[in-house]
Amino acid sequence: MSTPHPARTQPIRILIADDHPVVRDGLRALLERESDFTVTAEARDGAEALDLYRRGGADVVLMDLRMPRMGGVEAIEHLLRQDPDARILVLTTYDTDGDVMGALAAGATGYLLKDTPREELTRAVRTAAAGQSVLSPAITTRVLQTVRKPSAGPLSERELQVLRLIADGATNREAAAALFISQATVKTHLIHVYEKLGVKDRAAAVSEAHKRHLFP
């Protein structure tokens, strides 16, 4: 049985980031059927989402992953550097391990697929607004399968290099540039780091690395 969310005196402000106008229109219509929701802004890509959030904020950002100019994972990283308390729900059609773990590694509050039923989506928005993480059932299964994989031994030198940069505050993009590798490769290294350290996110990985004295 789920715990009821605290009563709010103001509607939940939602920013939608998706490069398809029809999707944005559909989401706005669906969400604004709820009396406690208001869609305050719509962005066509990650860069515009950052600008709109900077100007007006939002209680929850619904973020697609693959968009022109700036994709969702990069936008999540920048947004959380701008506001560490931002609550970002990925809403996408992509469910590969790389997409899921990359978004969660970047700091997404939750991950939903676009075929999520309306009731589940609205419940997820309220859950995120209350500061709690949320994953669709299919994504939960995928994440559990990933984190339950047995440890593959010590971190490689490249994995340590990536983790050191992350510990110093680098985004995936900055780490990729520093190491002359792609952002996708950085995400893959991070997924392996999480598996080996038995953690689920960047902050926990850095903390565990310090506990194990992995940094000089």
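Given the structure is predicted, the values throughout are model-derived calculations rather than measurements.

Undergrad: Please explain the overall build of the protein chain as it appears in this structure.
TA: Helices and strands together make up the secondary structure of the protein chain, namely ten helices and six strands. Relative to its length of 216 residues, the protein chain is compact, with a C-alpha radius of gyration of 17 Å against a globular reference of 17 Å. Counting only C-alpha atoms, the protein chain reaches 55 × 40 × 30 Å along its principal axes. A burial count over the protein chain gives 47% of its 216 residues as buried. About 10,900 Å² of surface is accessible on the protein chain, with carbon and sulfur atoms providing 52% of the total.

Undergrad: In this structure, what is going on with helix α1 (residues 21–31)? I would like to understand it.
TA: Residues spaced three or four apart along an α-helix face the same direction, because each turn holds 3.6 residues. Those residues of α1 that fall on the buried side of the exposure criterion are Arg24, Leu27 and Leu31. All buried residues of α1 project into a common sector of 65° when viewed along the axis, lining one side. On its buried face, α1 sits against β1 (12–17), β2 (37–43), β3 (60–63), β4 (88–92) and α5 (118–129).

Undergrad: I keep staring at the side chain of Thr122 and nothing clicks. Help me out?
TA: Locating Thr122 in the fold gives a position in helix α5. Among the polar contacts listed, one links the side chain of Thr122 to the backbone oxygen of Glu119, at a separation of 3.0 Å. When near neighbours in sequence (up to four residues on either side) are disregarded, Thr122 contacts Leu30, Glu34 and Phe37.

Undergrad: Please clarify how unusual backbone geometry should be interpreted in this entry.
TA: Both trends apply: most residues other than glycine have a negative phi, and most peptide bonds are in trans. Despite not being glycine, Phe180 shows a phi value in the positive range, around 60°. Within the secondary structure, Phe180 is located in the loop between α8 (172–179) and α9 (183–197). Even without glycine at this site, His213 takes up a positive phi of about 55°. Positionally, His213 belongs in the segment after α10 (202–211).

Undergrad: Where do I start with α5 in this structure?
TA: Taking 1.5 Å as the rise per residue, α5 with twelve residues should run 16 Å; its terminal C-alpha atoms sit 17 Å apart, in good agreement. Trailing α5 by a residue or two, Gly131 shows a phi angle of about 90°, which is positive.

Undergrad: Even after reading the chapter, I still don't get the pattern of salt bridges, so can you show me in this structure?
TA: When charged atoms on two side chains of opposite charge get close, those side chains can pair. Inspection of every chain in the model, using the stated rule, returns 21 salt bridges. When the shortest N-O distance is used, the salt bridge between Glu42 and Arg28 registers 2.5 Å. In this pair, Glu42 sits in strand β2 while Arg28 sits in helix α1, placing the two residues 14 residues apart along the sequence. Owing to a relative accessible area of 24%, Glu42 belongs among the partly exposed residues under this scheme. Among the residues examined, Arg28 registers a relative accessible area of 27% and is labelled partly exposed. Between Lys114 and Asp64 there is a salt bridge, with the nearest N and O atoms lying 3.6 Å from each other. With Lys114 in the loop between β5 (110–113) and α5 and Asp64 in the loop between β3 and α3 (72–82), the pair connects residues that are 50 residues apart, well separated along the chain.

What counts and what doesn't
- Residues numbered from 1 in each chain as written.
- Predicted model: local features only at pLDDT ≥ 70, side-chain atom pairs only at ≥ 80, totals over all residues.
- Heavy atoms only, no water.
- Helix = DSSP H or I, 4+ residues; strand = E, 2+ residues; numbered from the N terminus.
- Rg over C-alpha atoms; globule rule 2.2 N^0.38 Å.
- Buried < 20%, exposed > 50% of the residue type's maximum accessible area, 1.4 Å probe, protein only.
- Areas by Shrake-Rupley, 256 points an atom, 1.4 Å probe, with all protein chains shown as cover.
- Arc of directions from axis to C-beta.
- Contact = heavy atoms within 4.5 Å.
- Polar contact = N/O pair within 3.5 Å; in protein donor to acceptor, adjacent residues only side chain to side chain.
- Expected span 1.5 Å × (residues − 1).
- Salt bridge = Lys/Arg side-chain N within 4 Å of Asp/Glu carboxyl O.

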